[in-house]
Amino acid sequence: MSRYMNHCYDALKPYVPGEIPQDPDTIKLNTNESPYPPSKGVCGCFTPENAETLRLYGDPANRQLNRAIAGYHHIRPENVMTTGGSDETLELAMMAYCADGIAYPDETYGFYRVLTDLHEIPVRLIPLKEDLSIDPEDYENLGCAIILANPNAPTGLYLNKAQVEKILRSNPDHVVIVDEAYVDFGNESMIPLISQYDNLLVIQTYSKSRNLAGARIGFAAGNEELIQDLEKLRNSRNPYDVTRISQLVGVRAIEDSEYYRSTCEKTVEIREWTKQQLKELGFSGTDSQTNFVFVKHETIPGEMIQKKLKEKGILVRWFDHERIRDYNRITIGTREDMESLIKALKEICDENG
Ligand SMILES: *Cc1c(COP(=O)(O)O)cnc(C)c1O
């Protein structure tokens, strides 16, 4: 740190993203990206004509994109705020609604901790159950804001509508943020509940299920007043956060929703195949509902599996956290990617067991 840096950031630990490999032959199963390209409509956005319009600012109100997102989810544009990736939506929501602190599970998306540290928000960490699932009763009557990734990361486990509604009803004076980064891989969104619950804010991203991690598109859905709060903060910080190109890409991605449904379905199919194969190799894990699996081997430590796979050109994630040190989080790639993974794991098991 330079001697000029404000000491208020001394203790800050920035988010550690999964490694970005330099070798193009690496099989990258460490950051939950899609192995499939964006839709044809999206790829068609990159024309010289559209490039020329980049001299202009985009619409800071994201009107076209908000309208498209609202249409897709059968809500009104007033119920939508788009941002440059959902990490940004998460930050705005934390800035807005955590005056009394915020509760989240002891194992969840690591960026929550980074944001609460950055904004000095008091945190109430609620342990997952022994089987790594969330006990929804732990979140009733808390007296602070709540954020839940649903399905949760890195466990992949999902709370159903009735369970989320109970949490919403028992915390009427605080906002409950539901981060649905992985909901499109086979589960139901809570967005339809925003008309019934004033305290519900749902956050989604186009990074995972719409194959657009590099485009940085995320959004929040909630009642009109919540959206106005968030827009106020967004416009006080970075009103042009969604680039012109991302605005175009986002609208096309919605027009091509059928394509994304098919890539998500493929991922779900390959996920279930992968779970079965891993089981045969002596792995167990959660019943992940996402585009990754979360598994541990009966004898080989997660850290070693990560290292050995890396030597074979396959990147997966391992978290050095006490409760989940035995596990690896492995993104679902193409069928060929997963066949290579299984082959590599077989070799590792043969060499070490
Ligand atoms: C990937 C992820 C995000 C971040 O998505 P971006 O839109 O790329 O910023 C948010 N929440 C969870 C749980 C995620 O896994």
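First, a word on scope: everything that follows refers to the structure included in this document. (Residues numbered from 1 in each chain as written. Predicted model: local features only at pLDDT ≥ 70, side-chain atom pairs only at ≥ 80, totals over all residues. Heavy atoms only, no water.)

### A short note on the sheet that holds strand β7 (residues 200-205)
Formally: DSSP bridges decide pairing: two strands pair if at least two such bridges lie between them. Where helices and strands are cited, they refer to DSSP runs of H or I of at least four residues and of E of at least two residues respectively, numbered from the N terminus. Comment: axis = line fitted to C-alpha atoms, over the contacting stretch for helices; angle = value between 0 and 180 degrees taken between N-to-C directions.
Read from one edge to the other, the open sheet built from seven strands follows the order β2-β8-β7-β6-β5-β3-β4, with strand pairing classed as mixed. Here the strands that pair on one side only, and so sit at the sheet edges, are β2 (80-83) and β4 (123-126). Direction aside, neighbouring strands of the sheet carry axes that sit 20° apart on average.

### Looking at the site of the ligand
Stated formally: Throughout this document, a residue counts as near a molecule or strand when at least one of its heavy atoms sits within 4 Å of that molecule or strand. Any pair of N or O atoms that falls within 3.5 Å is considered a polar contact. Within protein, one atom must be able to donate a hydrogen and the other to accept it, and sequence-neighbouring residues count only if both atoms are side-chain atoms. Here the Shrake-Rupley method, with its probe set to 1.4 Å, supplies the accessible areas, and only the displayed protein chains count as covering residues. Asp, Glu, Lys and Arg are counted as charged, while Ala, Val, Leu, Ile, Met, Phe, Trp, Tyr, Cys and Pro are counted as nonpolar; the rest, among them Gly, fall into the polar class.
Taken together, G85, S86, D87, Y109, D179, A181, Y182, T205, S207, K208 and R216 make up the full set of residues near the ligand. Between an oxygen atom of the ligand and a main-chain N or O atom of D87, the distance comes to 3.0 Å. At 2.9 Å, a side-chain N or O of K208 approaches an oxygen atom of the ligand. Alone, the ligand offers 390 Å² of accessible surface; in the complex the protein occludes 93% of this. Taken together, the residues of the shell around the ligand break down into three nonpolar, four polar and four charged.

### Focus: helix α5 (residues 111-118)
An α-helix turns once every 3.6 residues. As a result, residues three or four positions apart point the same way. Filter applied, for reference: For each residue, the accessible area found with a 1.4 Å probe, counting protein chains only, is set against the maximum for its type, and the residue is called buried under 20%, exposed over 50%, and partly exposed in between. In this analysis, two residues are considered to be in contact whenever any of their non-hydrogen atoms come within 4.5 Å of each other.
Buried within α5 we find F111, Y112, V114, L115 and T116. Packed against the buried residues of α5 are α4 (86-97), β3 (102-105), β4, β5 (145-149) and β6 (176-179). Note on α5: the residue one or two positions beyond its end, E120, has a positive phi of about 50°.

### Some details on the packing of aromatic side chains
To keep things clear, this is the line we draw: Whether two aromatic rings pair depends on their centres lying within 6.5 Å, for rings of Phe, Tyr and Trp, where Trp uses its six-membered ring; planes under 30 degrees apart make the pair stacked, over 60 edge-to-face, and the rest tilted.
Enumeration over the complete set of coordinates arrives at 10 aromatic pairs. Relative to Y240, the ring of Y57 lies with its centre 4.1 Å away and its plane at 20°, an arrangement referred to as stacked. With Y57 in the loop between α2 (48-52) and α3 (63-73) and Y240 in the loop between α7 (224-234) and α8 (244-255), this residue pair connects regions lying 183 residues apart in the sequence. A ring pair is formed by Y109 and Y112, whose centres lie 5.5 Å apart and whose planes are at 90°; its orientation type is edge-to-face. Taken together, the ring pairs in this structure connect Y15, Y104, Y109, F111 and Y112 into an aromatic cluster.

### Looking at the pattern of salt bridges
To keep things clear, this is the line we draw: The salt bridge criterion pairs a side-chain nitrogen of Lys or Arg with a carboxyl oxygen of Asp or Glu, the two atoms within 4 Å.
Throughout the structure, instances matching the rule amount to 23 salt bridges. Notably, a salt bridge pairs E19 with K310, separated by 3.0 Å at the nearest N-O pair. In this pair, E19 is assigned in the segment before β1 (27-28) and K310 in helix α10 (residues 302-311), connecting sequence segments 291 residues apart. Judged by its relative accessible area of 37%, E19 falls in the partly exposed class. A salt bridge links K166 to E140; its shortest N-O distance comes to 3.9 Å. Of this pair, K166 sits in helix α6 (residues 161-170) while E140 is found in the loop between β4 and β5, placing the two residues 26 residues apart along the sequence. We classify K166 as partly exposed; its relative accessible area is 41%. Sharing partners across several salt bridges, the network here consists of R271, E272, K275 and D287.

### Points about the pairing of β2
A two-sided burial pattern is seen for β2, the buried positions comprising V80 and T82 on one face and M81 and T83 on the other. Looking at chain direction, β2 and strand β8 (residues 218-221) are connected through four bridges and run antiparallel. Bridge pairing in β8 places T83 opposite G218.

Honestly, it's all geometry; don't read function into it.
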